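Working through the structure, step by step
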Amino acid sequence: MNVFGERLKELRQENGIGQVELAKKINVSKGIISFWENGLREPTMSNLISLADFFGVTLDYLVGRE
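Every chain's residues receive numbers from 1 upward, in the order its sequence appears when written. Whole-chain, interface and lining totals are the exception, using all residues; otherwise, since this is a predicted model, local features are given only for residues with pLDDT of at least 70 and side-chain atom pairs are given and counted only at 80 or more. Each side-chain value is worked out from all heavy atoms of the structure, with water and hydrogens disregarded.

Each helix and strand in the protein chain was counted, giving five helices and zero strands. Note that the radius of gyration is over C-alpha atoms, with the globule rule given as 2.2 Å times the number of residues to the power 0.38. Radius of gyration (C-alpha) of the protein chain: 10 Å, near the 11 Å computed for a compact globule of 66 residues. Its C-alpha atoms give the protein chain principal-axis dimensions of roughly 25 × 25 × 20 Å. Residue exposure (1.4 Å probe, protein chains only): buried if accessible area is under 20% of the type maximum, exposed if over 50%, otherwise partly exposed. When the 66 residues of the protein chain are sorted by exposure, 36% land in the buried category. When checking whether two residues touch, look at their non-hydrogen atoms; a contact exists if any pair is within 4.5 Å. The long-range share in the protein chain, meaning contacts at least 24 apart out of those at least 6 apart in sequence, stands at 53%. Under the scheme used here, helices are H or I runs from DSSP no shorter than 4 residues and strands are E runs no shorter than 2 residues, and both carry numbers assigned from the N terminus.

Shown next as structure tokens:
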């Protein structure tokens, strides 16, 4: 189960943001967002922090510890 990917996709969709727009906002490629959402890659700590800041959530929430 890929809790992080599911939460990322859910947050993105709730905020009406496409993968391309999110990728631009946190300075990664669109492909990376897709890899994360599908559990094919894991983000770096700096990317996790960027995502948490962007969506206004905690790191624990993003990784399924909350």
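Once you've had a look at it, read on.
What follows covers the packing of helix H1 (residues 3-14) against helix H4 (residues 45-55). Note on definitions: angles span 0 to 180 degrees between N-to-C directions of axes, and those axes are lines fitted to C-alpha atoms, for helices only across the stretch in contact. Direction vectors running N to C along H1 and H4 enclose 35°, while the axes themselves pass 11 Å from each other. Every pair of crossing elements has a handedness; the one defined by H1 and H4 is left-handed. Mapping the contact onto sequence places Phe4, Leu8, Leu11 and Arg12 in H1 and Leu48, Leu51 and Phe55 in H4. Residues are grouped as follows: Ala, Val, Leu, Ile, Met, Phe, Trp, Tyr, Cys and Pro are nonpolar; Asp, Glu, Lys and Arg are charged; every other residue, Gly included, is polar. Class assignment of the residues belonging to the contact of H1 with H4 gives a composition of six nonpolar, no polar and one charged. Take the far helix as your reference; a near helix turned counterclockwise from it by less than a right angle gives a left-handed crossing, and one turned clockwise gives a right-handed crossing.

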